[in-house]
Amino acid sequence: MRKIRRDAIQRKAVRLPELASMSPSKEAVVANASNCGRWVGWLRRDWIATMRVAIAGMVGSKSGAIMPDQNASGNTDPKASRPVVDKLDASDLPEAARIFRLAFGSFLGAPDPDMFWADRDIVYGRQCAAHVASFGATLDGKLAGSNFATNWGSVGFFGPLTVRPDLQGRGVARALLGKTIEQFDTWDTRHVGLFTFSDSAKHIALYQKYGFYARFLTAIMSAKAMRQTAAGWLRFSELSEVQRAEALLACADVAETICPGLDLTSEIDATHTQGLGDIVLVEGAHGIAAFAVCHYGPRSEAGADTCYVKFGAVRAGRSAEHDYLRLLDACEALAVAAGMSNLLAGANMARDEAYRHLVARGFRTEMQGVAMHRQNDPGYCRPGAYIIDDWR
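Conventions used here
- All residue numbers here refer to positions counted from 1 along the written sequence of the relevant chain.
- For this predicted model, a pLDDT threshold of at least 70 governs which residues receive local features, and a threshold of 80 or more governs which side-chain atom pairs are given and counted, while totals over whole chains, interfaces and linings are taken from all residues.
- Side-chain numbers come from the whole structure's heavy atoms, not from hydrogens or water.
- Each helix is a run of H or I in the DSSP string that is no shorter than four residues. Each strand is a run of E no shorter than two, and both are numbered from the N terminus.
- For the accessible areas, the method is Shrake-Rupley and the probe is 1.4 Å, while residue cover comes only from the protein chains on display.
- Only Phe, Tyr and Trp rings are paired, with Trp represented by its six-membered ring, and only when their centres lie within 6.5 Å; those with planes under 30 degrees apart are stacked, over 60 edge-to-face, the remainder tilted.
- Residue exposure (1.4 Å probe, protein chains only): buried if accessible area is under 20% of the type maximum, exposed if over 50%, otherwise partly exposed.
- Space inside and on the surface of the protein is sampled on a 1 Å grid over the protein atoms alone, with a cavity defined as a set of points where a 1.4 Å probe fits but cannot get out and a pocket as an open set with protein on both sides within 12 Å along at least 5 of 7 lines; lining residues have an atom within 4 Å of a point.
- Grid points are joined across faces, edges and corners, and a volume is the space filled by probe spheres set on the points.
- Expected span, for any helix, means 1.5 Å times one less than how many residues it has.
- Any N or O atom pair separated by 3.5 Å or less is treated as a polar contact, with the protein-specific requirement of one donor-capable and one acceptor-capable atom, and with residues adjacent in sequence counted only for side-chain atom pairs.
- Here a strand pair is declared whenever DSSP counts at least two bridges between the two strands.
- Salt bridge, as used here, is a side-chain nitrogen of Lys or Arg placed within 4 Å of a carboxyl oxygen of Asp or Glu.

Caption draft 1: Quick peek at the overall build of the chain. The secondary structure content of the chain amounts to 10 helices and 14 strands. As presented, the chain carries roughly 17,100 Å² of accessible surface, and 54% of it is formed by carbon and sulfur atoms.

Following this line, the structure appears as structure tokens:
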């Protein structure tokens, strides 16, 4: 195995929309009893039709939208309890995972919301990761929702933010958002963003109140994994301890060339130590030219029979486009080696070269959302940046 060259640098250091309460008077119910069933049936058919496309695209992929309550001030009863937000405790994880499935499943009209996305994990893996801050909100002593803030050095994103459907309008989402923003300020994160449903005006309006602006669409794309070999790549899991330490430095260097302070070393470490997948390392003339953090398996964020590229990056320079194609080859070869028949990747359309290459290779969009950036800062979502991610 070719020894990885040590780089002479140092590591740098959304939410369920809520239907408004429409309780009619007792007299109106009696007078319109015959029409009530038809009205409810129409509403259900319209809702299902609206979400059918989203369901078809998202069932096979990792969850990622943010599901807040939309009317945090809806309950004006002075006796009503207020949500209390604290760090998400390990004992809360089973209920947090249940709320996560219930929130997304209910929003998307799944027949059995409690079993929605049961083929993947978002809650346990993130709560255990050192670079993720996990928050839980309680009402009357019971868990009502959760949120996760991810620290990638100078870059951060949050989600999924989920709230129990029957506790909408109690300020849970806003309380979680407030703590999340405080966390990014504590970290001094320079570029903060999120992924949400592009067709949800309520989600977008909510985040605008916290200084986030909707920018480019992000496509969640998949293709069949068939390539069995690729040239010049290594698996992080197969390296010695010394080589892994060198690889982490090299990956930090690659990220630095794209965005100052961007650091995926903690994400790499969490993926490796938790056994969530593997990291692809593409070798170049001067060491590591590209890398990708890939998830697969039931304990990961990938979903059944899927290898999910949670983050991939190519060193900026003349060979970036060529190295990006080699990185895609290596990710596909990893998927096949891991026994996964599908390869999933996120492409922000502001990075148009990276997106167009995925399309040219047969990737097709399963669903798409929109990236929202704090203070409208473009960050690394710009032409010429060969990055794969989606912030779900």
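Caption draft 2: Region of the structure containing the packing of aromatic side chains. By the definition in use, this model includes 13 aromatic pairs. Here the aromatic rings of Phe-158 and Phe-212 are separated by 5.7 Å at their centres, their planes lie at 80°, and the arrangement is edge-to-face. Of this pair, Phe-158 sits in strand 4 (residues 155-158) while Phe-212 sits in strand 7 (residues 212-224), and the two are 54 residues apart along the sequence. Grouping residues by exposure puts Phe-158 and Phe-212 together as buried. Taken together, the aromatic side chains of Trp-152, Phe-157, Phe-291, Phe-311, Tyr-380 and Trp-391 make up a single cluster linked through ring pairs.

Caption draft 3: Just empty space enclosed by the protein, in detail. Of the voids in this model, the largest cavity is the one considered here, and its volume is about 50 Å³. Gly-125, Arg-126, Ala-129, His-131, Val-132, Glu-267, Ala-270, Leu-276, His-295, Glu-301 and Lys-310 together form the lining of the largest cavity. Looking at the lining of the largest cavity, the elements with two or more residues in it are helix 4 (123-128) and helix 8 (265-273). The computed volume of the second largest cavity comes to approximately 40 Å³.

Caption draft 4: Representation of helix 5 (residues 172-187) within the structure. Relative to the 22 Å expected for 16 residues at 1.5 Å per residue, helix 5 spans 23 Å between its end C-alpha atoms, a close match to the ideal helical length. Directly after helix 5, the chain includes Asp-188, whose backbone phi takes a positive value near 60°.

Caption draft 5: Broad picture of the side chain of Asp-263. Here Asp-263 lies in the loop between helix 7 (241-258) and helix 8. You can call Asp-263 buried: its relative accessible area is 9%. A polar contact of 2.7 Å, which involves the side chain of Asp-263, links it to the side chain of Thr-265.

Caption draft 6: Expanded view of the pairing of strand 11 (residues 306-314). When you tally the buried positions in strand 11, you get nine out of nine residues, the bulk of the element. Bridge count between strand 11 and strand 12 (residues 342-348): four bridges; the pairing is parallel. When the sheet's bridge partners are listed, Cys-307 is paired in strand 12 with Leu-343. With two bridges joining them, strand 11 and strand 14 (residues 387-388) adopt antiparallel strand pairing. Its bridge partner lying in strand 14, Ala-313 is registered against Ile-387.

Caption draft 7: Here's a closer look at the pattern of salt bridges. Applying the stated criterion across every chain, the model contains 18 salt bridges. Residue Arg-120 pairs with Asp-119 through a salt bridge whose shortest N-O separation is 2.7 Å. Take Asp-119: its relative accessible area is 25%, and that puts it in the partly exposed class. One salt bridge in this structure joins Arg-392 and Asp-390, with 3.0 Å as the shortest N-O distance. A single burial state applies to Arg-392 and to Asp-390, both of which are buried. Among the ionic contacts, a cluster of salt bridges with common partners joins Arg-126, Glu-267, Glu-301 and Lys-310.

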